[in-house]
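These are the residues of each chain, in order.
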Amino acid sequence: MTGDGIASGVAASGPSGHLGGTAGAGAAPPPARALTGAARAAELRAEVAALAASLTERGTTPRLAVLVATEDESTAWYVRSIARAATKTGIVCDTVTLPPTASPDRIAELLAELSADPAVHGVILQTPLPPGAVAAELAAAIAPDKDVDGANPLSLGRLAAGRPAFAPATAAAVVELLDAHGIELLGRTVAVVGRSTVVGKPLAHLLLDRDATVTVCHSRTADLAAATRHADIVVAAAGRPGLITAAHIGEGAVVVDVGTNPTPEGGLTGDVDAESVAPKAGALSPVPGGVGPITTALLLRHTVRAAERAAGAATGPEPGAGPGLT
Ligand SMILES: NC(=O)c1ccc[n+]([C@@H]2O[C@H](COP(=O)([O-])OP(=O)(O)OC[C@H]3O[C@@H](n4cnc5c(N)ncnc54)[C@H](OP(=O)(O)O)[C@@H]3O)[C@@H](O)[C@H]2O)c1
């Protein structure tokens, strides 16, 4: 942990909800501050709604297409929630459905058609996919300027090269959540647990671009706790409920839980064992209610940005601006 401690950055950003633990008179440490995402997500949605209204007035209605090739019920629920959020902000959302037996060629063909349609500004390929279909391969058929969830390998390459690109919304949401809570990244050490192309890898590039010092961990990391417990900030994105315990974090660390693991009761749980981590952490994002709401809002922001570009209403970041076109 850095000398001045991440906890001071947390305290400076003001009071908020707390997670678990007991605040004793000098005895027990104060419980972790809850890094909730709802307030920032609401701000983002309001910004998107204003931009979408202005674009629509000028003749371009932002439109998002979500390609689904699964009958998985939780995926259907997630896609409906994106469509609802889009509609509320003035973005038209088309769910384009293929049967779960669709061939990879058919999926790629449809992605290319949607990418070529001038009325469509954002294209998302929803997972899971039919057996034999590889998301990263198929997403290459999404035009980079419509790749609002950063799934095309070209988008990840541009992020890695420090060039503007759409980052996957979940990875971008982690940075947005930390910014919203006033948590400094410059010069901080961050351990990211998970190296997927959807979360861990793009997040590492976004954090590097913000001058953090980043360690990326994965299932072959020999001693996970040794790799994470000295980090100022730990981001858990492994899809393993309860993987991160108090032994994995330092006193006062900021912990962001990206995990969304279904529980037998039909709810969601993260990758962090909140009961043991909350009394030791400086701040902890809840599941649900942390990264998730911001992720959806960023998908919409990316779509409206893509529509602005298509309409010639935005010229993009200044030359030299880092990755993460949000
Ligand atoms: N909140 C949101 O909006 C949102 C969006 C997307 C995903 N998610 C959630 O985020 C989590 C990760 O998603 P993903 O798509 O990145 O998953 P993924 O593709 O399965 O990748 C998981 C990563 O975690 C690593 N890992 C697995 N077990 C580990 C262990 N015991 N120790 C250290 N690393 C381990 C894997 O290592 P290897 O590379 O070695 O296999 C892999 O890199 C899931 O719970 C997912 O549901 C949330």
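Residues numbered from 1 in each chain as written. Predicted model: local features only at pLDDT ≥ 70, side-chain atom pairs only at ≥ 80, totals over all residues. Heavy atoms only, no water.

The protein chain has the name Bifunctional protein FolD in an unreviewed UniProt entry, where Streptomyces polygonati is given as its organism. Looking at the Subunit (unreviewed entry) heading of the UniProt record, one finds this comment for the protein chain: "Homodimer." (UniProt positions renumbered as here; feature names shortened; annotations may be inferred.)

(A) Seen up close, helix H11 (residues 291-310). Over its 20 residues, H11 runs 29 Å from end to end, which matches the ideal 28 Å to within 8%, given 1.5 Å per residue. When you tally the buried positions in H11, you get 16 out of 20 residues, the bulk of the element. Just past H11, the residue Gly312 takes up positive phi, approximately 75 degrees. (Helix = DSSP H or I, 4+ residues; strand = E, 2+ residues; numbered from the N terminus. Expected span 1.5 Å × (residues − 1). Buried < 20%, exposed > 50% of the residue type's maximum accessible area, 1.4 Å probe, protein only.)

(B) Structural detail: the UniProt feature "binding site: NADP(+)" (unreviewed entry) in the protein chain. UniProt tags Gly194, Arg195, Ser196 and Thr260 as "binding site: NADP(+)" (unreviewed entry). Mapped onto the elements, Arg195 comes out in the loop between strand E6 (189-193) and helix H8 (200-209). In this view, Arg195 contacts Gly200, Lys201, Val216, Cys217, His218 and Arg220; residues no more than four positions away in its chain are not counted. Here Thr260 is to be found in the loop between strand E9 (254-257) and strand E10 (261-262). Look at Thr260 and you get exposed, because its relative accessible area is 51%. Beyond its immediate sequence surroundings of up to four residues, Thr260 is in contact with Leu268 and Thr269. (Contact = heavy atoms within 4.5 Å.)

(C) The pairing of E9, seen in detail. Burial along E9 is two-sided: the face carrying Val254 and Val256 and the face carrying Val255 and Asp257 are both buried. Where strand E8 (residues 233-236) lies against E9, 4 bridges are found, and the strand directions are parallel. Paired with Ala236 across the two strands is Asp257, which belongs to E9. Note that E9 and strand E12 (residues 283-284) share 2 bridges and pair parallel. (Pairing = 2+ DSSP bridges.)

(D) Just the site of the ligand, in detail. Taken together, 19 residues are adjacent to the ligand, and Thr170, Arg195, Ser196, Ser219 and Thr260 come closest. At 2.5 Å, a side-chain N or O of Ser196 approaches an oxygen atom of the ligand. The protein chains hide 71% of the 930 Å² of surface that the ligand would expose on its own. (Near = heavy atom within 4 Å. Polar contact = N/O pair within 3.5 Å; in protein donor to acceptor, adjacent residues only side chain to side chain. Areas by Shrake-Rupley, 256 points an atom, 1.4 Å probe, with all protein chains shown as cover.)

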